[in-house]
Amino acid sequence: MSPSSDAQAFRDAFANSKRVVILAGAGLSAASGIPTFRGPNGLWKTKSSKLFATPEGFKEDPSGVWQFYHYKREGCLSAQPNAAHRAIASFAVPAVRSRLMPSLQEDKLPLFVTQNFDGLSLRALDELSDQLTPAEIKLARERVIETHGSAFKTICLQCKHINHTFDSPLSPALAGITEQNAGERDIPIDQLPRCGGPDWKGSNRWGRCGGLLRPAVVWFGEVPEGMGEIAKELNWTDLLIVVGTSSLVHPAAGFAKTIKSRGGKVAIVNLERSEGDSDADFLFIGPCEETLPLLLK
Ligand code: BJW
Ligand code: ZN
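Residues numbered from 1 in each chain as written. Chains lettered and ligands numbered in written order. Predicted model: local features only at pLDDT ≥ 70, side-chain atom pairs only at ≥ 80, totals over all residues. Heavy atoms only, no water.

**Topic: the site of ligand 1**
Consideration 1: Around ligand 1 lies a shell of 35 residues, among which Phe37, Thr245, Ser246, His250 and Asn270 are the nearest.
Consideration 2: Contact distances for ligand 1 include 2.9 Å between a nitrogen atom and a backbone N or O atom of valine 218.
Consideration 3: Within the side chain of glutamate 289, an N or O atom sits 3.1 Å from a nitrogen atom of ligand 1.
Consideration 4: Here ligand 1 loses 75% of its free accessible area of 1500 Å² to cover by the protein chains.
Consideration 5: Elements represented by at least two residues in the shell around ligand 1 include exactly α5 (62-78) and α12 (288-295).
Consideration 6: Taken together, the residues that form the shell around ligand 1 break down as 18 nonpolar, 12 polar and five charged.
Consideration 7: Looking at which domains feed residues into the shell around ligand 1, each of domain 1 (1-32 + 81-148 + 224-297) and domain 2 (35-78 + 149-217) supplies at least three. (Near = heavy atom within 4 Å. Polar contact = N/O pair within 3.5 Å; in protein donor to acceptor, adjacent residues only side chain to side chain. Areas by Shrake-Rupley, 256 points an atom, 1.4 Å probe, with all protein chains shown as cover. Helix = DSSP H or I, 4+ residues; strand = E, 2+ residues; numbered from the N terminus. Nonpolar A, V, L, I, M, F, W, Y, C, P; charged D, E, K, R; others polar. Domains from an automatic or database assignment.)

Printed below as a string of structure tokens:
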């Protein structure tokens, strides 16, 4: 059967759902000016995903990979959440939840799984500080899984310390690196981001050991974050909403099939037809920054 694009039928299914999972991809942040990976202007059209999205690529050229992540990170810092991020974040507001999702089990917030590393969904929650208490925001943030990592976290390859920071640049040598000039010069490895920052002074302490840092993002061949929690949640989910992903990258690409095999429903919101459409009960073609606020109004 072909999927429905009846907004009211979707709202009814939403209102009757006890457990909801939302899965997002790069299309969610496209209107915030963050490029997607596979579209006509996608990152992987001009950059090699083998170099920039694998641990082997980082080993081969840590300078090139750090320059790439430096300017992508700067792009995330200057971007703002868009109407689609805000529509999803609004579920954290109890009055919105009880209006749109009165059947939620124990008023459990939807689990929001984002493949994006830009932090914009968390920032959209922080923007609700005039409507929510800090405790409510904390609770909502705990229901967000950045399954492909975060641009604002690093891991030390030596002591494994994970650091969270919005500082930029992460080492003085990365200052002034842009998409245009990235890769023009090779930054020596001791001038790339190091554990403990530029003034680490060579101590061996955890989190200040001076080891080489890498971006805490999930590259091909690595295990995405939060898989245990996601797998548990998918057991109970009766509605999965898939927003702005090409559904080409696993394991996220398989969530829709899992839900379907357990009798749940799948809604897809995408600018164009995508790989996941064969599993869709509802399909809304259009920019999510317009479609989601309308569907969830
Ligand atoms: C709009 C819009 C608008 C635009 N409104 N929509 C063979 C078969 C099956 C699997 C494999 C295989 N060979 C290897 C694998 C596994 C591999 C994989 O899936 N590869 C495929 C490419 C085949 N996966 C992995 O290796 C993953 N790990 C893994 O599987 O571990 C095993 C394991 C799993 C579970 C438990 C235990 C073990 C890891 C994948 C890591 C992906 N990493 C990246 C880079 C992250 C860092 C960074 O951000 O730079 O993640 S790659 C890149 O792709 C990034 C994205 O998160 C990810 C998905 O892309 P996304 O978000 O879908 O973006 P696009 O560009 O593809 O699509 C954008 C969509 O938006 C389009 O549809 C547009 O139409 C739409 N759009 N504007 C609405 N305004
Ligand atoms: Zn360290």
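**Notes on the domain arrangement of the protein**
Consideration 1: Taken domain by domain, the protein comprises domain 1 (1-32 + 81-148 + 224-297) and domain 2 (35-78 + 149-217).
Consideration 2: Using only C-alpha atoms to locate each centre, domain 1 and domain 2 end up separated by 29 Å.
Consideration 3: Residue-level contacts link 15 residues of domain 1 with 13 residues of domain 2.
Consideration 4: Taking both partners together, domain 1 and domain 2 bury about 1000 Å²; carbon and sulfur atoms supply 60% of that area.
Consideration 5: Of all residues in domain 1, Ala26, Phe117 and Arg123 bury the most surface against domain 2, accounting for 48% of the area lost on that side.
Consideration 6: If you look at where domain 1 meets domain 2, you find zero salt bridges.
Consideration 7: Taken together, the links from domain 1 to domain 2 amount to three residue pairs in polar contact (both at pLDDT 80 or more).
Consideration 8: Along the lines of polarity and charge, the residues of the side of domain 1 that touches domain 2 split into six nonpolar, five polar and four charged. (Contact = heavy atoms within 4.5 Å. Buried area = accessible area lost by both parts, 1.4 Å probe. Salt bridge = Lys/Arg side-chain N within 4 Å of Asp/Glu carboxyl O.)

**A closer look at unusual backbone geometry**
Consideration 1: Here serine 168 and proline 169 are connected by a cis peptide whose omega angle stands at 0°.
Consideration 2: With respect to the element layout, proline 169 can be found in the loop between β5 (162-164) and β6 (213-217).
Consideration 3: Positive phi is not limited to glycine here, since lysine 160 has a value of about 70°.
Consideration 4: Within the fold, lysine 160 resides in the loop between β4 (149-156) and β5.
Consideration 5: A relative accessible area of 53% means that lysine 160 is categorised as exposed.
Consideration 6: One non-glycine residue with positive phi stands out, namely serine 247, at about 55°.
Consideration 7: Among the secondary structure elements, serine 247 is positioned in the loop between β7 (239-243) and α11 (255-261).
Consideration 8: On the accessibility criterion, serine 247 (12% relative accessible area) is buried. (Buried < 20%, exposed > 50% of the residue type's maximum accessible area, 1.4 Å probe, protein only.)

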